[in-house]
Amino acid sequence: MNTLNSSSAPAAGEYAGDEVAAIVLDPGYSTIRAGFAGEDVPKSVCPSFYGQIDSDSGSQYLFGENAIHTPSSNLQIKNYWGSDGIVEDWDTAAKVWEYAITSRLTGARAGDPAKNGLNDGPKENGNGDAMEVEMETIENQEKPLEESPLLMTEPGWNPTKAREKAIEIAMEEWGTPAFYLQKTGVLAAFASGKASGIIIDVGASHTSVTPVLDGMVLKKGVQKSPLAGNFVSNQIRLGFKQSQPEIPLTPHYLVKSKTPVDAGTPAQAIYKTFNIPPTDSFRHYQEERVLTEYKESVVEIWPGPGRLSNGTNDEIAKSMPGRPFEMPDGWNQVFGVDRFRAAEGLFDASAAITDDANPRPKDEHTLPRLVQAAVQQVDADQRPLLLQNIVVTGGSTLLYKLGDRLNYEINALYPSTRNKLIAPGPVVERKYAAWIGGSILASLGSFHQLWISKKEYEEHGANIVEKRCR
Amino acid sequence: MASGRDVRDMLGLPMGGDGQKSAVQKRAKAAAPVRRIQGVAREVAALYGERPPPVAVYEEKKAYRAKRQNQGPAKKWVQQPFVNQARSDGLVLKHWRRKPTTAPPVQDGEDTPMEDGESAEPYIENSADFLKYSIQVDLPTFTDEEYDAYLRSDDWSREETDYLFEVVRDYSYRWAVIWDRYDYQPANRSHLTQETVNGDASQALAALPFAPPKQRTVEDLKARFYHISAKLMKLRIPEMQMDAEQYTLYETLSKFNPELEGNRKLLAAALMNRSMDEVKEEEFLLAELQRINMAANRLDAEREELRARLEHPSANQQVSAGLASFTSSQALQALFSQLFAQDRSKKRASGGGTGPSRISLNTNDLIQTPSSANAQLSAAARRQSMATNQSAQTPIRTLSPQQEYRYNVSTHDRLTSGVTFGSDKLLKMRQAKSNVQTQKIAAALAELGVPDVVPLPTSKVADVFEQLIGRVGKLLDVRKVREKEEGESRVLAQMKERRGSSTQGGESGATSVEPQAKHEIPDSAEQTPGLDGDEDNDEDGDGDGDGDGDGDAEGEEDDEDAEGEEDSRVPSETVSRAASTAHKRSASVLSQGSVQSSKRARK
Ligand SMILES: Nc1ncnc2c1ncn2[C@@H]1O[C@H](COP(=O)(O)OP(=O)(O)OP(=O)(O)O)[C@@H](O)[C@H]1O
Ligand SMILES: [Mg+2]
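Keep in mind it's a predicted model, so treat the numbers as computed, not measured. (Residues numbered from 1 in each chain as written. Chains lettered and ligands numbered in written order. Predicted model: local features only at pLDDT ≥ 70, side-chain atom pairs only at ≥ 80, totals over all residues. Heavy atoms only, no water.)

Student: Before we move on, can you summarise the overall build of chain A with the specific residues and values?
Tutor: Scanning chain A from N- to C-terminus turns up 15 helices and 19 strands. Within the span of chain A, comprising 470 residues, buried residues form 54% of the whole. When contacts within chain A are restricted to residue pairs at least 6 apart in sequence, long-range pairs at least 24 apart make up 69% of them. Summed over its atoms, the accessible surface of chain A is roughly 19,700 Å², and 49% of this surface lies on carbon and sulfur atoms. (Helix = DSSP H or I, 4+ residues; strand = E, 2+ residues; numbered from the N terminus. Buried < 20%, exposed > 50% of the residue type's maximum accessible area, 1.4 Å probe, protein only. Contact = heavy atoms within 4.5 Å. Areas by Shrake-Rupley, 256 points an atom, 1.4 Å probe, with all protein chains shown as cover.)

Now the structure itself:
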């Protein structure tokens, strides 16, 4: 938006934009993305995990990146999402979302504070740096979104109840003047400049494959599976546990100081001690951060041809140079072929690491099968078109070489069509594709006729969302 | 361009007005590079010399944005509330607009400047910028009466039809989406909610006149929609009055065939779902085909070139046929003689037959390898002496018929060259054109008690034998005709029997035909079985193919070949050659057959 300067308005025909300071909210299992439409990255990215401290006087909630990483007794880390990508705990969801919006966006803004009208109401006490937003503070405000239309994203299989709940929260709790719900798949396609395509979204809790035609999701084709980022994390954990000797997974908060050690030798670190140690959920969440780091820097996907287990591929993988990784306590090792095994389960269910508690994933949940199932449900005439626009998005698609493997698998499935993978290079575009698409959509002048206005909502009730947001 | 000036300079002519102009040009030119290489160090620029720099130097004039003129205090912007004309609910949103000033120039034409926007009640802009994007699709409409009269269908209820139209409108004819979202619940959705609100869903179900919904394919939906559209179109505009465009639309609508479409889609899907192997195979085959085509083209070109280079002998024969034109032995024969003649002429050109030639098919060459002028001379002398002897003998004595008879003297109009055995002549007569015929002749002769080898085959015996053979031939012909006629009459009789009429007419008819056909039919009857052999012998001597005349035909072919060879050779030979040939023939007369066969083997 730096093209705008104070002396000249953008030419009307330059782009069909018409910015109305809409807010785009893209909640995901791992993070919530929120920001103003028309910007190119979400200003506010805050974790979907929240802290809860139960005490006699009731529960205290901690939201935001800064609040939930401090170890304290009784701190539980929770997530409002259900396992299948549908919000489970609506009350907290609304709070976390509201935090994501108000903490960075509608709070005291650096811009022209006299004009935006937000500051007219009772003052929010400096939300920009709030570590904890307490219930009372929120209730002090009038309505947080009185000024801004809200575009929210939803997964392709969102049930009617969840959609109605979303508009209820937006209209009644936040007082937004206008609201719209759009599917993440469509938005991710828009972010890549496509109106039609197949969107492969590998997030944290689930992977989804969404066929989109002319900006509309083909509902019959939507596929989802639980094999995504969390699954990969879990695979890494299992791999650590099953390796000989077991690889210790120590989160940062436990380490007071460390000294360098040789690869493979036990760590020499001084650990912190706690009177009342934080809960398991806290530790799990902290471990997850280490694992994400591991995913980012070590895990690699066998790029094909064939699967990792095919023929001599295993041998080839073994002969590739390893990658070092150091745990927060100083323990370190070079990971060889193991780093290929962690994510192979995404493509080949039989290659997944299993134990008693973690059974083998289903074959039809692997990525190639999802794509196949999705394409199968689309009208035969449209299939080649969709296969030419395969948009890859979601944080877990950043796994090294995932694009190559996907390309190989899809070409093996459909050797006779022209298959084109569209995987934006920049990390931000990959992770926030749905939000960016929403940002584009909500800043288009022609979009403003689609909003569900407060008046319409009051007239027709929450069910209007079914009619209008198709 | 400087030449004019140079000439003038040399001739000492005044430069005139031209001089100044070019000087100006020159200065301009000199100035240009200086300006061009701005930003390049002077030393580096000097390295370029006079020539243009090796890389195109992109001259960016606007390296820096023009300095912003200070236009007074910063312009004010306001969040301008606006209503979108495409909306009916009057939703007010705000977008940033330049605060209207007293000065007229406002970029956006549509927001009329307000003098005192803030003091009065807020001005709300009425925005029509994006009205053009609010598009409603055209749908055919019909009344209840029309539906009842024309559009009823056994398969579709009125409710579902309405639902279909609604969905088509909602998704603007995107059939793939329509099919995807098509989810007709027997009671329409809005009805359903109403009825569930009323609490008697069961009653709603009971009131349904139609069975629960069935799975509809895209083709079903399209077929119904197109069908209705076409009907309505016809109702609104009679076919006669449609213009061309309307009529083609009407045609496509009314001719939609769901089965065909469905099959096409199945095929398309099958094409897409081909396995890697199949695709590979197809690719491979296509590549192979291309390769073969290319190889064939190359080969053709090479052959063409080779042929051109060989100045091949039968230029007037069909070149395109290539080797195919040499399949017949006669053609081969012609080719052979041609090659032979060429070879000969070449040899002669290169200075006499002093060595065995490359193509030493010539029997003469083989015989007279130590060929020398002497030998040739003596051969010529001998031949001459022989000729004089013959010419001296014949006219001297005239014999009386008795003597002639006694001494067995015969006169011939024309003597065939060479000496033959009388027995050979007899033997030859036994041979017919086909094997079967030969066998038949042999059988007939055996029946008559004529021995295989006739002792003393004098010319008289030969004459008599010839007559005999002629008669035997006739006999055999007649026999054959009889057999044929008998067969025919049998067939006719059977046909007659089958018809149930009397057999008399058929018999008599057959017999009455017989004598007439006697002379006519033998030829044709003889020719028909041996037709192939016959023609082959005559035309190309290739007797293969019909087992009947096989051996015989080949035997004859041998003879003909040999003779043809000699015949064709003789005229092209020089006198001396001819003499030597005659000599050779007289020498080898006894073993003619063997020589011929060995020649063939060599060939
Ligand atoms: N560089 C990376 N390499 C591998 N994995 C990564 C990387 N960055 C993030 N991830 C993983 O991506 C996941 C988060 O992706 P994303 O933000 O798309 O999910 P989400 O949208 O919040 O979740 P969901 O779509 O399931 O609701 C996390 O599991 C994280 O571990
Ligand atoms: Mg996501």
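Student: Just give me the short version of the interface of chain B and chain A, but keep the residues and values in it.
Tutor: Each partner contributes to the interface: chain B provides 38 residues, whereas chain A provides 52 residues. Buried surface at the junction of chain B and chain A, summed over both partners, amounts to about 3,900 Å²; 54% is from carbon and sulfur atoms. The largest share of the area that chain B buries against chain A comes from Phe-130, Arg-181 and Met-272 of chain B, three residues that together contribute 17% of it. Remark: the boundary between chain B and chain A carries seven salt bridges. Taken together, the links from chain B to chain A amount to 21 residue pairs in polar contact (both at pLDDT 80 or more). Secondary-structure elements contributing two or more residues to the side of chain B that touches chain A are strand E1 (77-84), strand E2 (92-98), helix H6 (175-181), helix H11 (258-272) and helix H12 (276-310) of chain B. (Buried area = accessible area lost by both parts, 1.4 Å probe. Salt bridge = Lys/Arg side-chain N within 4 Å of Asp/Glu carboxyl O. Polar contact = N/O pair within 3.5 Å; in protein donor to acceptor, adjacent residues only side chain to side chain.)

Student: Got a sec to walk through the confidence of the model for chain B? Specific residues and values, please.
Tutor: Residue and element names in this part refer to chain B. In the predicted model, chain B carries a mean pLDDT of 68, and 56% of its residues have values of at least 70. With pLDDT under 50 throughout, residues 352-373 is counted as low confidence; its partners more than four residues away or in other chains account for 29 contacts. Interface confidence for the predicted complex, given as ipTM, is 0.83, next to a pTM of 0.63. (pLDDT = per-residue confidence, 0-100.)

Student: I'd like to hear about the pattern of salt bridges, residue by residue, with values.
Tutor: The final tally for this structure, using the stated rule, is 42 salt bridges over all chains. Where Lys-318 of chain A meets Asp-314 of chain A, a salt bridge forms, and the shortest distance between an N and an O atom there is 4.0 Å. Here Lys-318 of chain A and its partner Asp-314 of chain A are both found in helix H7 (residues 313-319), four residues apart, which amounts to about one turn of the helix. With relative accessibility at 46%, the residue Lys-318 of chain A sits in the partly exposed group. A salt bridge links Arg-341 of chain A to Asp-314 of chain A; its shortest N-O distance comes to 3.5 Å. With Arg-341 of chain A in helix H8 (residues 338-344) and Asp-314 of chain A in helix H7, the pair connects residues that are 27 residues apart, well separated along the chain. With relative accessibility at 29%, the residue Arg-341 of chain A sits in the partly exposed group. Each member of the salt-bridge network shares a partner with another, and the members are Asp-379 and Asp-381 of chain A together with Glu-219, Glu-261, Arg-264 and Lys-265 of chain B.

Student: Mind laying out the packing of helix H5 (residues 158-170) of chain B against helix H9 (residues 218-236) of chain B, listing which residues take part and the relevant values?
Tutor: Residue and element names in this part refer to chain B. Between H5 and H9, the shortest axis-to-axis distance is 11 Å and the interhelical angle comes to 95°. Here H5 is positioned roughly perpendicular relative to H9, judged by the angle of their axes. Facing H5, whose interface residues are Thr-161, Leu-164, Phe-165 and Val-168, H9 presents Leu-221, Arg-224, Phe-225 and Ile-228. Per-class residue counts for the contact of H5 with H9 are six nonpolar, one polar and one charged. (Axes fitted to C-alpha atoms, helices over the stretch in contact; angles between N-to-C directions. Parallel < 35°, antiparallel > 145°, perpendicular 65-115°, else oblique. Nonpolar A, V, L, I, M, F, W, Y, C, P; charged D, E, K, R; others polar.)

Student: Lay out the site of ligand 1 in plain terms, naming residues and giving numbers.
Tutor: Residues and elements named next belong to chain A. The environment of ligand 1 is formed by 19 residues, the closest being Tyr-29, Ser-30, Ser-205, Lys-295 and Gly-395. Between ligand 1 and the protein, one listed contact pairs an oxygen atom with a side-chain N or O atom of Ser-30 at 2.9 Å. Here an oxygen atom of ligand 1 sits 3.4 Å away from a polar atom, N or O, in the main chain of Thr-31. If ligand 1 stood free it would expose 650 Å²; the protein chains cover 90% of that surface. Elements with a minimum of two residues in the shell around ligand 1: strand E2 (31-36) and helix H6 (280-297). Take the shell around ligand 1: its biggest share by element is three residues, from H6. (Near = heavy atom within 4 Å.)

Student: Talk me through the packing of helix H4 (residues 144-151) of chain B against H9 of chain B; I want residue IDs and the actual numbers.
Tutor: The description of two helices packed together rests on the angle between their axes and the distance between the axes. Residues and elements named next belong to chain B. Between H4 and H9, the least distance of the axes is 11 Å, while the angle of their chain directions is 110°. The pairing of H4 with H9 is recorded here as roughly perpendicular in orientation. Residue-level contacts link Glu-146, Tyr-147, Tyr-150 and Leu-151 of H4 to Arg-224, Ile-228, Lys-231, Leu-232, Leu-235 and Arg-236 of H9. Partitioning the contact of H4 with H9 into residue classes produces six nonpolar, no polar and four charged.

Student: Pulling in residues and values, what's your account of the packing of aromatic side chains?
Tutor: Residues and elements named next belong to chain B. This model, assessed by the stated rule, comprises 31 aromatic pairs over all chains. Members of the aromatic cluster, each reached through a chain of ring pairs, are Phe-142, Tyr-147, Phe-165, Tyr-173, Trp-175, Phe-225, Tyr-226 and Phe-256. In this structure, Arg-158 packs its charged tip against the face of Tyr-147, placed 4.7 Å from the ring centre. (Phe/Tyr/Trp six-rings, centres within 6.5 Å; stacked < 30°, edge-to-face > 60°. Lys NZ or Arg CZ within 6 Å of the ring centre and 35° of its normal.)

Student: Talk me through the nonpolar core; I want residue IDs and the actual numbers.
Tutor: Of all hydrophobic cores here, the largest spans 76 residues; its most connected members are Ile-200, Phe-240 and Leu-346 of chain A. A total of eight residues in this core trace back to one element, the largest contributor, which is H9 of chain B. Within the second largest apolar cluster, 70 residues are counted, among which are Trp-81, Phe-179, Ile-199 and Trp-435 of chain A. (Core = buried A, V, L, I, M, F, W, Y, C linked by side-chain atoms within 4.5 Å.)

Student: Account for the sheet that holds strand E7 (residues 150-154) of chain A, naming residues and giving values.
Tutor: All names here are of chain A. On the basis of which strands lie adjacent, the open sheet formed by six strands has the order E3-E2-E1-E7-E8-E19 and mixed pairing. The sheet is open, and its two borders are formed by strand E3 (44-47) and strand E19 (452-453), each paired with just one other strand. Alignment of strand E1 (residues 23-27) against E2, held across five bridges, turns out to be antiparallel. The partner of Ile-23 across the bridge, within E2, is Phe-36. Seen against the sheet, helix H13 (residues 433-442) touches E1, E2, E7 and strand E8 (178-183) and runs at an angle of roughly 155° to E1. (Pairing = 2+ DSSP bridges.)

Student: An account of the pairing of E1 of chain A is requested, with residue identities and associated values reported.
Tutor: Residue and element names in this part refer to chain A. Taking burial as the measure, the five residues of E1 include five buried ones, the bulk of the element. Neither face of E1 is exposed, since Ile-23, Leu-25 and Pro-27 on one face and Val-24 and Asp-26 on the opposite face are all buried. Hairpin connection, E1 to E2: the antiparallel pair is bridged by three residues.

Student: Describe the sheet that holds strand E5 (residues 58-62) of chain A, naming the residues involved and giving the relevant values.
Tutor: Residue and element names in this part refer to chain A. One open sheet accounts for three strands, arranged E5-E4-E6; its pairing is antiparallel. For this open sheet the edge positions go to E5 and strand E6 (75-79), each flanked by a neighbour on one side alone. Averaged over all pairs of adjacent strands, the angle between strand axes in this sheet comes to 35°, irrespective of strand direction. Both strand E4 (residues 49-55) and E5 contribute to a ladder of five bridges, which runs antiparallel.

Student: Before we move on, can you summarise helix H4 (residues 184-191) of chain A with the specific residues and values?
Tutor: Residues and elements named next belong to chain A. Most of H4 sits inside the fold, with six of its eight residues counted as buried. Along H4, the residues classified as buried are Thr-184, Gly-185, Val-186, Leu-187, Ala-188 and Ala-189. Following H4 by one or two positions, Gly-193 adopts a phi angle in the positive range, close to 75°.

Student: Which residues make up unusual backbone geometry, and what are the values?
Tutor: Residue Pro-245 of chain A is bonded to the preceding Gln-244 of chain A through a cis peptide linkage, with omega at -10°. Although it is not a glycine, Asp-214 of chain A sits at a positive phi angle of roughly 50°. Here Asp-214 of chain A is to be found in the loop between strand E10 (207-213) and strand E11 (216-217). Relative accessible area serves as the criterion here: at 39%, Asp-214 of chain A is assigned to the partly exposed category. If you check the backbone angles, Ser-172 of chain B has positive phi at about 45° while not being a glycine. Positionally, Ser-172 of chain B belongs in the loop between H5 and H6.

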